[in-house]
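Per-entry structural report
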Amino acid sequence: MKTPVYATLAATALLLASCAEPPKPPRPVPVKPPTEINGLWYLDQGWSQEARQWYYTTTQGSQIMRYDWFMALEDPQTRQPFVKSIPRYGYPANTSANWNPDLLPVGFVKDTDPDKTEWFGMTCAACHTGDVTVNGKTMRIDGAVTTGDLYGFISGLSDAVHTTVTSDAAFRPFATRVLGANATDQQKLALYDALKDFDRSFAEFVAASKPDTPWGPMRTDAFGMIFNRVSAIDLNLPKNSRAPNAPVSYPYLWDAAHQPRVQWNGLLANATAFDALGRNAGEVLGVFGKVTLKPPADAAHYYYKSTVRGRNLVDMENQLRKLRSPAWPDSLAGDVDIVKAAAGEPIYKENCESCHAILPRGETYTTTPIQMVPLFNWAKPDDAVAVVTAFTTICTKGVDAAVAAKMITVNYDADPKMAVDALCRKVDTGAIANVAMPPQLLGGKPLANPDLAANLLSNAVIGAIFGDLVREPGLLVDLMKGDNAPAPWLTASAPAGWSPESQTKGGTLDTTPFVKPGAKQTADHQKVIAALTDRGQTKPTVGAVPAGGSAAKAQAKAAAAPAKAAASSTPPSDAEALAATIKQLMAYKARPLDGVWATAPYMHNGSVPNLYEMLLPASQRSATFRMGSTSIDPVKVGVDSSAAGATFVYETTKPGNRNTGHEFGAGLTDAQRWQLLEYLKTL
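Since the structure is predicted, the reported quantities are computational estimates derived from the model, not experimental observations.

1. Here's the deal with the overall build of the protein
- Counting secondary structure elements, the protein contains 22 helices and 21 strands.
- Looking at the protein as a whole, 57% of its 683 residues are labelled buried.
- Look at the contacts in the protein between residues 6 or more apart in sequence, and 75% of them connect residues 24 or more apart.
- For the protein, the computed accessible surface area is about 27,500 Å², with 55% contributed by carbon and sulfur atoms.

2. Describing the pattern of salt bridges
- For the structure on display, the rule yields 21 salt bridges.
- Ionic pairing is found between Asp-111 and Arg-309, a salt bridge with its closest N-O pair at 2.6 Å. Taken as a pair, Asp-111 in strand E4 (residues 108-112) and Arg-309 in the loop between helix H8 (273-286) and helix H9 (310-320) lie far apart in primary sequence, 198 residues in all. Judged on exposure class, the residue Asp-111 and its partner Arg-309 are both buried.
- With a shortest N-O distance of 3.3 Å, Lys-417 and Asp-421 are connected by a salt bridge. A residue pair is termed a helical-turn pair when its members lie 3 or 4 positions apart in one helix, as Lys-417 and Asp-421 do in helix H14 (residues 417-424) at four residues.
- Its relative accessible area of 26% is what places Lys-417 among the partly exposed residues.

3. Observations concerning the state of the cysteines
- All told, the structure shown has one disulfide when counted by the stated rule.
- In this model, Cys-395 is linked to Cys-424 through a disulfide, with the two sulfur atoms separated by 1.9 Å. Given an S-S torsion of about -75 degrees, the disulfide between Cys-395 and Cys-424 has left-handed geometry. Here the residue Cys-395 occupies a position in helix H12 (residues 384-397), and Cys-424 occupies one in helix H14, the gap between them amounting to 29 residues.
- Classification of Cys-395 by relative accessible area gives partly exposed; the value is 30%.
- Taking relative accessible area as the criterion, Cys-424 reaches 16% and is therefore assigned buried.
- The closest cysteine sulfur to the non-disulfide-bonded Cys-352 is located on Cys-355, 9.0 Å from its own sulfur.
- For Cys-352, a relative accessible area of 15% translates into the label buried.

4. Some details on the sheet that holds strand E1 (residues 35-37)
- Strand order in this open sheet of four strands is E1-E2-E7-E6, and the pairing throughout is mixed. At either end of the open sheet lies a strand with only one pairing partner, and these are E1 and strand E6 (129-134). Averaged over all pairs of adjacent strands, the angle between strand axes in this sheet comes to 35 degrees, irrespective of strand direction.
- Two elements, strand E2 (residues 40-42) and strand E7 (residues 137-142), share two bridges in a ladder whose sense is parallel. Considered in E7, the bridge of Trp-41 is made with Met-139.

5. A look at the pairing of E6
- The buried fraction of E6 amounts to six of the six residues, a majority that puts the element mostly inside the structure.
- Across the two faces of E6 the burial is the same, with Thr-129, Asp-131 and Thr-133 and Gly-130, Val-132 and Val-134 all buried.
- With six bridges connecting them, E6 and E7 associate as antiparallel partners. Note on E7: the bridge partner recorded for Thr-129 is Asp-142.
- Where E6 folds back onto E7 in an antiparallel hairpin, the turn is made up of two residues, including Asn-135, whose phi is positive at roughly 55 degrees.

6. Section: the side chain of Arg-591
- Position of Arg-591 among the secondary structure elements: in the loop between strand E17 (587-590) and helix H21 (611-614).
- As a buried residue without a salt bridge, Arg-591 has its nearest oppositely charged side chain in Asp-255, at a separation of 5.0 Å.
- Reaching out from Arg-591, the side chain makes a polar contact with the backbone oxygen of Tyr-252 at a distance of 2.8 Å.
- In this structure the side chain of Arg-591 is engaged in a polar contact, spanning 2.7 Å, whose partner is the backbone oxygen of Trp-254.
- When residues no more than four places from it in sequence are discounted, the contact partners of Arg-591 are Pro-251, Tyr-252, Trp-254, Asp-255, Ala-256, Gln-259, Cys-355, His-356, Pro-369 and Ile-370.

7. Concerning the packing of H12 against helix H20 (residues 574-585)
- For the pair H12 and H20, the least separation of the axes is 8 Å and the interaxial angle reads 55 degrees. Comparing the axis directions of H12 and H20 gives the class oblique. Regarding H12 and H20, the two cross each other, and that crossing is left-handed. When H12 is examined against H20, the residues Ala-384, Val-387, Val-388 and Phe-391 are found in contact with a partner set consisting of Ala-575, Glu-576, Leu-578, Ala-579, Ile-582 and Lys-583.
- Looking at the contact of H12 with H20, its residues break down into eight nonpolar, no polar and two charged.

8. Focus on unusual backbone geometry
- With an omega dihedral of 0 degrees, the bond running from Met-437 to Pro-438 counts as a cis peptide bond.
- Within the secondary structure layout, Pro-438 lies in the loop between strand E15 (426-427) and strand E16 (451-452).
- Looking along the chain, the bond that leaves Ala-600 and enters Pro-601 is cis, with omega of 0 degrees.
- Relative to the elements of secondary structure, Pro-601 occurs in the loop between E17 and H21.
- Its identity as a non-glycine residue notwithstanding, Asn-38 has a phi of 50 degrees, on the positive side.
- Structurally, the position occupied by Asn-38 is in the loop between E1 and E2.
- The phi dihedral of Asn-434 is positive, around 75 degrees, even though this residue is not glycine.
- Looking at the element boundaries, Asn-434 is found in the loop between E15 and E16.
- For Asn-434, a relative accessible area of 62% puts it in the exposed group.

9. Description of the confidence of the model for the protein
- The predicted model of the protein has a mean per-residue pLDDT of 88, with 89% of residues at 70 or higher.
- Below pLDDT 50 for its whole length, residues 1-28 participates in 112 contacts with residues either more than four positions away or in separate chains.
- This model gives residues 535-569 a pLDDT under 50, and the stretch forms 47 contacts once residues within four places in sequence are excluded.

10. Things to note about the nonpolar core
- Tyr-55, Phe-153, Ile-154, Leu-157 and Trp-597 are the most contacted members of the largest nonpolar core, which has 184 residues in total.
- Considering each element in turn, this core owes the most residues, twelve residues, to helix H15 (residues 453-471).
- Contacts of Trp-597, omitting those with residues within four sequence positions, involve Leu-43, Val-132, Met-139, Ile-141, Pro-326, Ala-327, Trp-328, Pro-329, Tyr-602, Ile-632 and Val-637.

11. Re the environment of Leu-441
- For Leu-441, the location among the structural elements is in the loop between E15 and E16.
- When the C-alpha positions of Leu-441 and Pro-513 are compared, they lie 8.8 Å apart, and in sequence the two are 72 residues distant.

Criteria and cut-off values
- Residues numbered from 1 in each chain as written.
- Predicted model: local features only at pLDDT ≥ 70, side-chain atom pairs only at ≥ 80, totals over all residues.
- Heavy atoms only, no water.
- Helix = DSSP H or I, 4+ residues; strand = E, 2+ residues; numbered from the N terminus.
- Buried < 20%, exposed > 50% of the residue type's maximum accessible area, 1.4 Å probe, protein only.
- Contact = heavy atoms within 4.5 Å.
- Areas by Shrake-Rupley, 256 points an atom, 1.4 Å probe, with all protein chains shown as cover.
- Salt bridge = Lys/Arg side-chain N within 4 Å of Asp/Glu carboxyl O.
- Disulfide = S-S within 2.5 Å.
- Pairing = 2+ DSSP bridges.
- Axes fitted to C-alpha atoms, helices over the stretch in contact; angles between N-to-C directions.
- Lys, Arg positive; Asp, Glu negative; His and termini not counted.
- Polar contact = N/O pair within 3.5 Å; in protein donor to acceptor, adjacent residues only side chain to side chain.
- Parallel < 35°, antiparallel > 145°, perpendicular 65-115°, else oblique.
- Left-handed = near helix turned anticlockwise from the far one by under 90°.
- Nonpolar A, V, L, I, M, F, W, Y, C, P; charged D, E, K, R; others polar.
- pLDDT = per-residue confidence, 0-100.
- Core = buried A, V, L, I, M, F, W, Y, C linked by side-chain atoms within 4.5 Å.

If you want it as structure tokens, here you go:
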């Protein structure tokens, strides 16, 4: 059977699956009152203090710079250790010295290589943990949007390193802190040369990452950064760099582990444990994880070496499956107006629920229902060549040109830049052109040159996971743990090993049976193949989708699609496969809105400051507003632009920042908007 040329798009290449389905997580109705710990208020989100501290402080494999260098680095602006300046860029401080002796901020950690070299890096907690301040009290919301300014942080770090290597007055005390008071001149020179090399390479990375449209706090162009890291740095092809100009808000994480697709444009499948591992490994590569992208040495060593810590990623995903959305805290933020909320419920059901399904807290579920909202109507949706031609016009000439040529019309008028950039970008695949990851025997497709950046990322991620798997046989066991896995901070990972007949001389899994037809497979190989190719079955969502609603119809259609495809005896052509992918991914995701009060600013690109304005016609929304403070406006429910810390000015006229779209509340009366707003607080 012919494999379509575009079958390894990141959206489809990660459709490898674990054969086990995790059990349903508890979703109890009672919500415990907020708890104050070290001056911060924590809401009932299903996590213990131990769970969140483990999540805050566990490495994923990110390696920004040597740990001893970082801890010795001084901030030239404050003359204090740079580690103390990280909260200045909006990242939450950590208060638990038991888990974090050096008191690194939330999501900043130490990573240790097998050779014991220690590195300073980040985890997903840095971008997906948010402080929310209301009425003078600060709540720490797990899984929420950070106020961190990623570009501000990396540029500030680069400036500090550069100051250290260009000033003897700065370098000498730095060298003493790293090497000790008795270091020789030769040791200091060696340290200087190494730091100078890092200064050059990191400055080049920061320069290549500078966006034309400033991200500011609470946003980043995640795909742009990941594409640059993998295609330009890991492949050592600087010409592949592009300014990351499509910033988006950090998605909130509760319920995300249960969604069938993740990312704002639904780029990645998320049905199984292996899908989740691929998504999380990609995130690691985007935040300074390292992967060696060169052709595999031979069939027995068919993978890429990387710093991805797969076993930690699996444990993190299992913890995230238990994370609950935060309930509106009446005792801290003020009581919900129940009369208005009751009036707002039927308004929500009539205007919102078909896309934003309700997840009742008293019911369990295995899948979070989502609705992919197409950005465009295709003039000839059933003509694959016409769809591909329209897509090519969008990529090369822009959306307006495709509209003018009557190839498409606009269906949903949100800023399309993120979805377009994620799917259109092509890169030189360099040394790994023609390499398939996974191997072709397992369904992989060799990279073309050039190829889509999404294909390259998928190739790199799967190769890195393979590398982790052949070195760490326990990863295969971890993928099968599910929600009932013991707490990783209480139980050491179970030892596991490959059988002697499965190993190379170096002790890794011999990958030859995955690469060469007819090669002898052991039981280990068969287990790996089963884990990577068997599809788990997803049970229906319980009580979350209204009967007959458009979301329910969309889910029924999606559920029927595999059976329909299986019944067809004719495989899709290359153009048909690509057209199907284009129509699927030129869209933005609507998800349940439980806990939405804690996730401002709104829209995929953070272009609307509060929920009240989300219910206004786009023409009446703020053209500019200030953001960056942890303070929220509890009335309009969103960022408090008047707060002292709201120093970044968001301008909706800049490319990628458009605040149009989602005008589903435009026809409501103002009284209805306030009623709906109160109801949204109850979700």
